[in-house]
Structures are given as structure tokens and as C-alpha cells.
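As a plain string of letters, each chain reads:
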Amino acid sequence: MNELRELVRITPKKALLQILRAAAPQPLSSVDLIAQYGYEDDLEISAEFGNPDLDPYRAWNFDASAEYYFDNGGVIQIGAFYKEIQDFIVDVAPEGPQSFQGYNFVESTDPDIEDTDIELAYSINGNTATVSGLEFSYQQPLDFLPGLLDGTLVGFNYTYTDAEGEVPDGDGGTRMIPLPSSAENTWNAMLGYDKGGL
């Protein structure tokens, strides 16, 4: 894993501390053992297989952010990120008669079972996925409030993410899909208290 970090501190005045950050790590992730070697068979109607041919995914991450810290403990932060992922893993579940890893799921001789009920599920490597986005966060102690209320803290953060990946389409070509386990918009708000050890 290679990682490059740069940190620059600028203090134009006493009340404000400005920090700029940039990073470019290259992570390598091992394949989940269940995705590689798992197996579950339901009376030869459906099956979920592991795929021992899965490759670990590799990625380049590029992150940059700017942060402003105020003398009362408040902070505003904005950031941008871009990730390029090779061999990301995605689950597929084709329907109907199938064969995989030497197992054949053919047309059923049971009149109560439709061919469309035959399902086979396994994981494959996608081609290339990209993830890019922006993030914003704000945290502020409300020390201007009177009495015990001046220990109140508020915070908010928001992230926008655009994530898509290229996968085989089953006909010899490829297609783009939203990256699994990704959300376009995420946010949360915080209300806290910090005074006198609380």
C-alpha cells in the first residue's frame, strides 16, 4: 500500500486555523471467503455458489479537503474524493436452467416447479468502477447561549456520491450499473453537550 499525504497549515489570524489535506492511497482488499467458497443448495431448485476465481479488488483513492477551525472549537470542512476500483465484486442471479462450476440446473421434471423458479446465484468480478463526490461538515459549540446552555454542541454533515461500475451484460458486451452498497445522498445531524465533564 502506497500512501502520499501533504499537510499545510496557515494561520492568517489568531481566531482562525486553516488546514488543507490531500491523500492518494492505493488499497488492496481480499475477497470474502463466503463469496469464494460458500455453497447452498435448495433441493436442486436454487443454489448459491462461491466463486474461487474471484480476484481481489484494487483501487486508487484521491481525497482533498479544506478545514477551518475557529478559536471556540467550531469547524467547517469541505472535501472532494475520487476512487477508481478494478475488479470490484458484484452478485449475479440469472434465472432459468443454468450450469456453473460443473453443476447443472436443467429443466425440472417436477410438474409443480416452473423453469423460472430455478435460480443460480454467485459473485463475479466487474471491470472498472468509479466513485466521486463531495462532502461538507459543520460543527459549532453554542457558547453564546446563557447559563448551562452554553455547553450545547450542534453539527451537520452531508455527502454526495456518484458511483457506477461496468459489468458483463451476458451477451458478450458490458453495461453500467450503480455500484452495490452505495448511496447517492447521505447526511446526519448531531446535538450534543460538553460542559463540566458532561
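Position labels on residues start from 1 in each chain and follow its written sequence. Given that this is a predicted model, residues contribute local features only at a pLDDT of at least 70 and side-chain atom pairs are listed and counted only at 80 or more, while totals for whole chains, interfaces and linings are drawn from all residues. For side-chain calculations, the full set of non-hydrogen atoms in the structure is used, while hydrogens and water are omitted.

Caption draft 1: Region of interest: the pairing of strand S6 (residues 57-70). Bridge analysis of S6 against strand S7 (residues 75-86) gives twelve bridges, and the strand direction is antiparallel. Paired with Arg58 across the two strands is Gln86, which belongs to S7. Being paired, for any two strands, means DSSP has found at least two bridges between them. The helix count covers DSSP runs of H or I at least four residues long, the strand count covers runs of E at least two residues long, and both are numbered beginning at the N terminus.

Caption draft 2: Quick look at a nonpolar patch on the surface. Taken together, Ile78, Phe136, Tyr138, Phe156 and Trp187 make up a surface patch of nonpolar side chains, about 500 Å² in accessible area. Along the chain, the position of Ile78 falls in strand S7. Taking relative accessible area as the criterion, Ile78 reaches 47% and is therefore assigned partly exposed. What goes into a patch is any residue over 30% in relative accessible area without a salt bridge, connected to like charges within 9 Å or, for nonpolar side chains (Val, Leu, Ile, Met, Phe, Trp, Tyr), within 5 Å. Here the accessible surface of atoms and residues is derived via Shrake-Rupley with a 1.4 Å probe, and residues count as covered only by protein chains that are part of the display. Salt bridge, as applied in this entry: a Lys or Arg side-chain nitrogen positioned within 4 Å of an Asp or Glu carboxyl oxygen. Exposure is judged per residue with a 1.4 Å probe applied to protein chains only, and the accessible area is read against the type maximum: over 50% gives exposed, under 20% gives buried, and values in between give partly exposed.

Caption draft 3: Representation of the confidence of the model for the protein chain within the structure. The pLDDT score gives, residue by residue, the confidence of the prediction method on a 0 to 100 scale. Averaged over all residues, the pLDDT of the protein chain equals 76, while 66% of them reach at least 70. The lowest-confidence element of the protein chain is strand S1 (residues 5-13), averaging 42 in pLDDT; the highest-confidence one is strand S15 (residues 185-193), averaging 95. Two residues form a contact once any of their heavy atoms are found within 4.5 Å. Here residues 1-16 is a poorly scored stretch, pLDDT under 50, and it has 34 contacts once near neighbours within four places are set aside; other chains count.

Caption draft 4: Spatial organisation of the pattern of salt bridges. Within the structure shown, the criterion is met by four salt bridges. Taking the shortest distance from any N to any O, the salt bridge between Asp87 and Arg58 comes out at 2.9 Å. Taken together, the residues Asp87 in the loop between S7 and strand S8 (89-92) and Arg58 in strand S6 connect sequence positions 29 residues apart.

Caption draft 5: Seen up close, the packing of aromatic side chains. A pair of Phe, Tyr and Trp rings is counted when the ring centres sit within 6.5 Å of each other, with Trp represented by its six-membered ring. The angle between the planes then sorts it: under 30 degrees is stacked, over 60 is edge-to-face, the rest tilted. The final tally for this structure, using the stated rule, is two aromatic pairs. For the ring pair Trp60 and Phe62, a centre distance of 6.0 Å and an interplane angle of 15° mean the geometry is stacked. Aromatic pair Phe156 and Trp187: ring centres 6.1 Å apart, planes at 35°, arrangement tilted. Of this pair, Phe156 sits in strand S13 (residues 152-168) while Trp187 sits in strand S15, placing them 31 residues apart in sequence. With a relative accessible area of 34%, Phe156 lands in the partly exposed category. The exposure class assigned to Trp187 is exposed, which follows from its relative accessible area of 58%.

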